[in-house]
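Residue-level structural notes
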Amino acid sequence: MLIQQASARLVFEGLLPSLARPLQADVTTLERFCALMAAEGWTAHVSALAFDRIYARERFIFAKRRGSPELAGLAMSLLHCHRYGPTSAR
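Below you will find a few notes about this structure. These figures come from a predicted structure and were not determined experimentally.

About the criteria used
Residues numbered from 1 in each chain as written. Predicted model: local features only at pLDDT ≥ 70, side-chain atom pairs only at ≥ 80, totals over all residues. Heavy atoms only, no water. Helix = DSSP H or I, 4+ residues; strand = E, 2+ residues; numbered from the N terminus. Buried < 20%, exposed > 50% of the residue type's maximum accessible area, 1.4 Å probe, protein only. Contact = heavy atoms within 4.5 Å. Areas by Shrake-Rupley, 256 points an atom, 1.4 Å probe, with all protein chains shown as cover. Expected span 1.5 Å × (residues − 1). Core = buried A, V, L, I, M, F, W, Y, C linked by side-chain atoms within 4.5 Å. Salt bridge = Lys/Arg side-chain N within 4 Å of Asp/Glu carboxyl O.

Each helix and strand in the protein was counted, giving five helices and two strands. Starting at the N terminus, the α and β elements of the protein follow one another as β-β-α-α-α-α-α. Taking all 90 residues of the protein together, the buried fraction comes to 34%. Within the protein, contacts between residues separated by at least 24 positions form 52% of all contacts whose residues are at least 6 apart in sequence. Surface summary for the protein: the accessible area is close to 5400 Å², and the carbon and sulfur share equals 56%.

Here you go:
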């Protein structure tokens with residue numbers, strides 16, 4: 001069990017493989033997104049991004065509109081994965 005204060009993630013156990021989750025993005029990419037969000041002072045939770053498509057879409061759109069160029073680019077990539085699945089995002 002990993003709980004981090006003032007961070008971008010709250011992880012209790014390992015996530016399911018990407019093909020078994022509602023949002024089929026790899027955990028490394030989601031962790032990078034959360035780290036970039038935290039660097040700008042915003043929150044995003046890896047577990048919620050992976051399993052809650054409504055939350056994920058909201059965070060990705062927010063990051064796309066308000067984030068740095070690197071964060072906005074990653075958000076666009078994740079939005080594409082959110083809409084079309086992992087095969088189109090690669």
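This brings us to helix H3 (residues 53-66). Each turn of an α-helix holds 3.6 residues, which means side chains three or four residues apart point in the same direction. With 14 residues, H3 ought to run about 20 Å at 1.5 Å a step, and its terminal C-alpha atoms sit 20 Å apart, in line with that. Among the residues of H3, those classed as buried are Ala-56, Arg-59, Phe-60, Ile-61, Phe-62 and Ala-63. Turning to H3, the residues buried within the fold contact helix H1 (27-39), helix H2 (46-51) and helix H4 (69-84).

Counting 23 residues, the largest nonpolar core has Leu-30, Phe-33, Met-37, Leu-49, Phe-60, Leu-71 and Leu-78 as its most contacted members. Those elements that provide at least two residues to this core are H1, H2, H3 and H4. By residue number, the principal contributor to this core is H4, which donates six residues. Setting aside its immediate chain neighbours within four residues, Leu-78 contacts Ala-25, Thr-29, Leu-30, Phe-33 and Phe-60.

Counted under the stated rule, the structure contains two salt bridges. With a closest N to O distance of 2.8 Å, Glu-58 and Arg-59 form a salt bridge. By relative accessible area, Glu-58 is classed as partly exposed at 39%. With a relative accessible area of 10%, Arg-59 lands in the buried category.

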